[in-house]
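Each chain, written out:
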Amino acid sequence: MTKVNRRVALKVVGTTLGAGAFAQAMAPLREWARDLSLDEFLQRHYRELDKEEMERVLRRLEEETAAEYGRDVHIRDVRPMEDVQFGYALNLSVCIGCRRCAEACHEENNHDRATNNSYIRVLEMDQGSFDLEQGNATYDHEVPAPGKYYLPVQCQQCDNPPCVDVCPVQATWKESDGIVVVDYNWCIGCRYCEAACPYHARRFNWHKPELAPEDINPDQAYLSNRIRPAGVVEKCTFCLHRTREGRLPACLEACPTGARVFGNLLDPDSEIRWVLENKRVFVLKEELGTRPRFFYFFDE
Amino acid sequence: MGSSHAATYPRFLWQLFKLGFEGTWRFYAWMTVLTAVALVGANAWAHQVVEGMGLTGMSDHVSWGLYIANFTFGVGLAAGAVMMVIPAYLYDDHEMHSVVLIGEMLAIAAISLCLAFVLADLGRPDRFWHLLPGLGRFNWPISMLTWDVIVLNGYLLLNLHITGYLLYMRFLGRKPAKRWYLPFVFLSIFWAVSIHTVTAFLYSGLGGRPFWNSALLAPRFIASAFITGPAFVILLLQVVRRYSDFHIGDGPLRTLASVLRVTVLLNLFMLGSELFTAFYTGGAHATAAKYLFFGSHGKHGLVPWIWSAVAFNVASALLLHLPASRTSKLVLNVACALAFVGVWIEKGMGLIVPGFVPSTLHELVEYAPSLTEWRVTAGIWALCLMILTVSIKVALPVLSGRLGLQGTAPARSPAHPNPTRAIPPTEPAERSAAPVAE
Ligand code: SF4
Ligand code: SF4
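Residues numbered from 1 in each chain as written. Chains lettered and ligands numbered in written order. Predicted model: local features only at pLDDT ≥ 70, side-chain atom pairs only at ≥ 80, totals over all residues. Heavy atoms only, no water.

Focus: the interface of chain A and chain B
- Opposite the 59 residues of chain A that make contact, chain B presents 56 residues.
- Of the roughly 5000 Å² buried between chain A and chain B, counting both surfaces, carbon and sulfur atoms make up 58%.
- It is I188, Y192 and W206 of chain A that lose the most area in chain A upon contact with chain B, and together they represent 14% of the buried surface on that side.
- Along the contact surface separating chain A from chain B lie 5 salt bridges.
- Between D121 of chain B and R191 of chain A there is a salt bridge, with the nearest N and O atoms lying 2.6 Å from each other.
- The tally of links between chain A and chain B comes to 31 residue pairs in polar contact (both at pLDDT 80 or more). (Contact = heavy atoms within 4.5 Å. Buried area = accessible area lost by both parts, 1.4 Å probe. Salt bridge = Lys/Arg side-chain N within 4 Å of Asp/Glu carboxyl O. Polar contact = N/O pair within 3.5 Å; in protein donor to acceptor, adjacent residues only side chain to side chain.)

Let's talk about the nonpolar core
- Within the largest apolar cluster, 166 residues are counted, with the highest numbers of intra-cluster contacts made by W64, F71, Y89, I195, Y203, W212 and I352 of chain B.
- With 58 residues, the next largest nonpolar core counts L123, C197, A201 and C251 of chain A among its residues. (Core = buried A, V, L, I, M, F, W, Y, C linked by side-chain atoms within 4.5 Å. Buried < 20%, exposed > 50% of the residue type's maximum accessible area, 1.4 Å probe, protein only.)

Regarding the site of ligand 2
- The immediate surroundings of ligand 2 are formed by C167, P168, V169, A171, T172, C187, I188, G189, C190, R191, C193 and V233 of chain A.
- For the shell around ligand 2, the per-class residue count stands at 9 nonpolar, 2 polar and 1 charged. (Near = heavy atom within 4 Å. Nonpolar A, V, L, I, M, F, W, Y, C, P; charged D, E, K, R; others polar.)

Structural notes on the packing of aromatic side chains
- For the structure on display, the rule yields 44 aromatic pairs over all chains.
- Geometrically, the ring pair formed by W186 of chain A and W129 of chain B is edge-to-face, given 5.5 Å between the ring centres and 85° between the ring planes. Placement of the pair is W186 of chain A in the loop between strand 6 (180–182) and helix 7 (192–196) and W129 of chain B in the loop between helix 5 (94–121) and helix 6 (144–172), with the two residues belonging to separate chains. With respect to burial, W186 of chain A and W129 of chain B carry one shared label: buried.
- Judged by centre distance (6.0 Å) and plane angle (85°), the rings of W64 of chain B and Y203 of chain B are edge-to-face. You can see W64 of chain B sitting in the loop between helix 2 (25–51) and helix 3 (66–82) and its partner Y203 of chain B sitting in helix 7 (residues 178–204), a full 139 residues away along the chain. (Phe/Tyr/Trp six-rings, centres within 6.5 Å; stacked < 30°, edge-to-face > 60°. Helix = DSSP H or I, 4+ residues; strand = E, 2+ residues; numbered from the N terminus.)

Structural notes on the site of ligand 1
- With respect to spatial proximity, 14 residues lie near ligand 1, and among them C155, Q156, C158, C163 and C197 of chain A are the closest.
- Partitioned by chemical class, the residues of the shell around ligand 1 number 10 nonpolar, 2 polar and 2 charged.

What about the packing of helix 9 (residues 250–281) of chain B against helix 10 (residues 284–294) of chain B?
Residue and element names in this part refer to chain B.
- For the pair helix 9 and helix 10, the least separation of the axes is 8 Å and the interaxial angle reads 115°. Taken as axis vectors, helix 9 and helix 10 run roughly perpendicular relative to one another. Of the two possible hands of crossing, helix 9 and helix 10 adopt the one that is left-handed. Only H285, A286, A289, K290, F293 and F294 of helix 10 make contact with helix 9, whose side of the interface consists of L275, A278 and F279. (Axes fitted to C-alpha atoms, helices over the stretch in contact; angles between N-to-C directions. Parallel < 35°, antiparallel > 145°, perpendicular 65-115°, else oblique. Left-handed = near helix turned anticlockwise from the far one by under 90°.)

Remarks on the sheet that holds strand 10 (residues 260–264) of chain A
Residues and elements named next belong to chain A.
- Spatial ordering of the open sheet is given by 10-2-11, a layout of 3 strands whose pairing is mixed. In this open sheet, the two strands that pair with only one neighbour each are strand 10 and strand 11 (294–297). Each neighbouring strand pair of the sheet contributes to a mean axis angle of 20°, computed without reference to strand direction.
- Relative to strand 11, strand 2 (residues 86–91) runs parallel, the two being bridged by 4 bridges. Considered in strand 11, the bridge of A89 is made with F295.
- Those strands touched by helix 10 (residues 271–278) are strand 2, strand 10 and strand 11, and its axis lies near 110° from that of strand 10. (Pairing = 2+ DSSP bridges.)

Points about the pairing of strand 10 of chain A
Residues and elements named next belong to chain A.
- Burial of strand 10 is extensive: 5 of the 5 residues sit out of reach of the surface.
- Of the pairings in the sheet, the one linking strand 2 to strand 10 comprises 5 bridges and is antiparallel in character. Its bridge partner being in strand 10, G87 is matched across the sheet by G263.

Here we look at the packing of helix 5 of chain B against helix 9 of chain B
Residue and element names in this part refer to chain B.
- Following both chains from N to C, one finds helix 5 and helix 9 inclined at 85°, their axes separated by 9 Å at the closest point. Here helix 9 runs roughly perpendicular to helix 5, going by the angle between their axes. Residues E95, M96 and V99 of helix 5 touch helix 9, and the partners they reach there are D250, G251, P252, T255 and L256.
- In terms of residue class, the contact of helix 5 with helix 9 is built from 4 nonpolar, 2 polar and 2 charged.

Structural notes on the side chain of D148 of chain B
Residue and element names in this part refer to chain B.
- If you trace the backbone, D148 turns up in helix 6.
- Buried charge without a partner: D148 forms no salt bridge, and the closest opposite charge is K347, 12 Å away.
- Within the structure, D148 has its side chain in polar contact with the side chain of T199 (distance 3.2 Å).
- The residues touching D148, leaving out its near neighbours within four places in the chain, are F71, I195, V198, T199 and L202. (Lys, Arg positive; Asp, Glu negative; His and termini not counted.)

On their own, these measurements won't tell you what the molecule is for.
Okay, structure coming up:
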């Protein structure tokens, strides 16, 4: 009898200890759960939000930014324009590898300052070779270096994007103007798209981005440059908060050599159309069938 | 009829639940150790959720690491565990029947492991519900990951049903009705193949990753599943035999070892074929393989891993083909352990990680798991072993007829009516190997 009682008592003590230890082990989550608002948790997918709900979400995000980053920002929901298909081209003969485009991207898109993130990587290539394997993305010397040319790579806005196919929750998709976007509030952070993209165009937020208030670009859009939450994937959006309102991408404006050409592929008078019709353009990794909207060319 | 089940089924579950807390001091000690490790893992995971995935060793270049490696391995283990069903039911090998349930419980534990690793790998576990069909937006049928979610959960349910039903019938002292489990058993064989095939397609479907983009990946996965499953079960059966009075003859061990003898060779053969294609052709397909096996540009992070895997796999193949492996349990056990660890490395550090090195822009960024990742990994494995231990522990008394509706039944059970009817060691080798070789 006493033996049985002792057994029961031991079990009760053991279970209590176990439960207590479990609560202790999970304690860090408590604070995290407090920061996670119910509205955020329950927010629907971008494409399911009606106008009113979108408004509420945008105001909430603005409040969160003000509270967490100490800066008043304006977040808009910028939709695609009718009869527009964006395309981008880059003249490799004039690019000098100065990485101004990458810097401009860093600032425009409110990238994490600690990691100096950018959607653009510039590869230094050997003259006379197109072997990416010989390229070097971490060069650190005066440019242009003799015997080298430079290949900036960013999201190619594939017309047949593998990153979109693989996403298990449709958190990333191609918009009607050809821009591939991510709903940062829907992405579950599985990084399957990052594995699928053949151009190293996607970035994951390994930490919460660090930004000083004065570094923040307050002109933001839901699908592009608003400050991303931790744990989700992001990518180049052709600066849709600018380009969908008739402005040019930040990387293009920053380029000192005029290597970059951006425009509407459906407009026969656009510069991008002129390039496609008069230059011998090519795309990266054409054999993969991704059909990029980002073109490269050399001057004859 | 229905109402009687409504009364006895909860009783059945309650009895099992109570049993899960009963045991010898060995059982308590083992469970305490596992609980401690699981708690360390839980704590590491909690920190990872709060502070971000930056606590792992992963980066934008190597965006999957130890978690997805273990996930992949776990799928193989789950698939392989059920392969024991093939000799048991397809060839009507009666001695296998009682151990099939143990295999299915291993499958349940392994699938739980996989799901836990997927959860650990998510940057936003709070958004897990986005993956639920109906509630979230399920990108089916385009995304292979949604297929994986379906087949893994289906497999879990299937195995829960089969084990639950068979145990419950045994508990009631009734003969299980064939139509309530046999179709599911056959389904689970196909399903086992499907879970590992779909998991291979996750990787082989990515055109931008030449190292994975190979049609041989799915067959390789299946072959290695046929290694890890039987290898683990051979060890597990001996543990069960040692620490319980449940009777397990040598027949099943011999059958499984015969399967293993074929699959270790098959696996090595396919690895060799991949390497031949990679190295003889050269180019993009070879760069990752070159980095993996020999290092490149002064970086050698994976070289020790892959050569240990090769050494383990080759050693286990040699041991298994020594005559001693048929007579000495020690030789057999060492071979099983080597094969298990060998495949674990081969699937993880030897397959998932080199898919990312070099990156798609051919940058060579290395990856090594961080302490957080090791902790979480250990924790999830401990959790899986806890599930396995408890489920086997509560199942055995039911299986051997000691726990039943009538309370105490004779210990000798119909599960193993004739333990002396052992299977000759060589003959079933060919039989059970047949479905593997295809
Ligand atoms: S470049 Fe990569 S991220 Fe951009 S659309 Fe193509 S696959 Fe997606
Ligand atoms: S990381 Fe996000 S966007 Fe990418 S596949 Fe996973 S859920 Fe989709």
